[in-house]
Amino acid sequence: MDVFGQALTDQFKHGKADTLHLYTSLGDLEEMPLDLFFRSEEEMPELETYALELCKGKILDIGAGVGSHALALQQKGFEVTANDISEAACEIMRERGVQNILCGNIQQLQLEKYDTLLMLMNGIGVFGKLKGFSGFLERAKGLINEGGQLLFDSSDITYAYEDTVLPKGNYFGEVSYQYEYKGNKGEWFDWLFIDQATLISTAYQAGWTCEILYIDENDQYLARLFLPRSLQY
């Protein structure tokens with residue numbers, strides 16, 4: 001059951017929705033504000049608008065949700081393709097006017113080459129584990145044109161372990177979540193947060209150069225990765 005998609009659909013069709021609860025492997029119960037996904041560019045934080053300014057050429061928006069970033073880029077005249085695994089989110093994107101949509105798991109889709117791979121709102125979380133992100137960096141070498149870039153944001157979540165010890169068996173930024181909406185619970189899924197030092201090291205080992213471009217007051221940061229020309233497939 002696409003619990004998240006159901007909540008997004010209610011928000012889109014009715015302008016409001018019931019509370020979307022989010023259980024975490026850290027032991028927390030959170031509420032996910034759904035209007036966050038329907039923001040206009042003017043309502044987005046500076047980190048996101050800066051990322052949109054840095055986009056160039058042909059763009060793939062990975063984990064696009066309901067398409068707010070894709071719509072902003074379309075309005076700027078870019079050729080942008082929006083991807084999301086949720087069929088409900090993809091249908092909302094169509095109704096909102098996103099022109100090019102790829103629905104499905106990004107790891108399983110046949111993709112073209114792009115000038116910018118964009119993953120905002122901690123979009124790299126979709127890779128679940130640090131190993132999954134490393135695997136994507138290898139695949140992404142064949143997904144970008146010469147001079148292309150990966151743009152994404154993430155954060156260091158060591159603060160979540162203030163009252164406990166960091167896990168020893170896995171990277172501390174690997175968290176599991178479960179959605180609950182109207183009494184229905186979805187499957188648990190893995191989500192990745194990556195601190196700057198680990199990102200720089202992981203990128204370097206995969207042959208990418210990493211730049212940290214922006215850090216906000218909550219330590220959320222924007223990163224850009226690019227390849228030496230010799231490593232582009």
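Above: the structure in question.
Just so we're clear, the structure is a prediction, and the values are computed from it rather than from any experiment.

How each quantity is defined
Residues numbered from 1 in each chain as written. Predicted model: local features only at pLDDT ≥ 70, side-chain atom pairs only at ≥ 80, totals over all residues. Heavy atoms only, no water. Buried < 20%, exposed > 50% of the residue type's maximum accessible area, 1.4 Å probe, protein only. Helix = DSSP H or I, 4+ residues; strand = E, 2+ residues; numbered from the N terminus. Pairing = 2+ DSSP bridges. Right-handed = clockwise from strand over helix to strand, strands pointing away. Phe/Tyr/Trp six-rings, centres within 6.5 Å; stacked < 30°, edge-to-face > 60°.

Draft legend 1. Highlighting the pairing of strand S4 (residues 80-84). Along S4, five of the five residues are buried, which leaves the element largely enclosed by surrounding structure. By the alternation rule, side chains of S4 split into Val80, Ala82 and Asp84 and Thr81 and Asn83, which are all buried. One ladder, built from four bridges, connects strand S3 (residues 59-62) with S4; its direction is parallel. Its bridge partner lying in S4, Ile59 is registered against Val80. On the question of chirality, the crossover connecting S3 to the parallel S4 by way of helix H3 (residues 68-75) is right-handed. Where S4 and strand S5 (residues 100-103) come together, four bridges link them in parallel fashion. Paired with Asp84 across the two strands is Cys103, which belongs to S5. In this view, the connection linking S4 to its parallel neighbour S5 by way of helix H4 (residues 87-96) has right-handed handedness.

Draft legend 2. Local environment of the packing of aromatic side chains. Evaluation of the coordinates by the stated rule reveals twelve aromatic pairs. Residues Phe12 and Phe38 carry aromatic rings whose centres are separated by 6.2 Å and whose planes lie at 10° to one another, so their mutual orientation is stacked. One end of the pair, Phe12, is in helix H1 (residues 3-14); the other, Phe38, is in the loop between strand S2 (29-32) and helix H2 (46-54), with 26 residues separating them in the sequence. Judged by relative accessible area, Phe38 falls into the buried class, the value being 19%. With a centroid separation of 4.7 Å and 50° between ring planes, the pair formed by Tyr171 and Phe172 is classed as tilted. With respect to burial, Tyr171 and Phe172 carry one shared label: buried.

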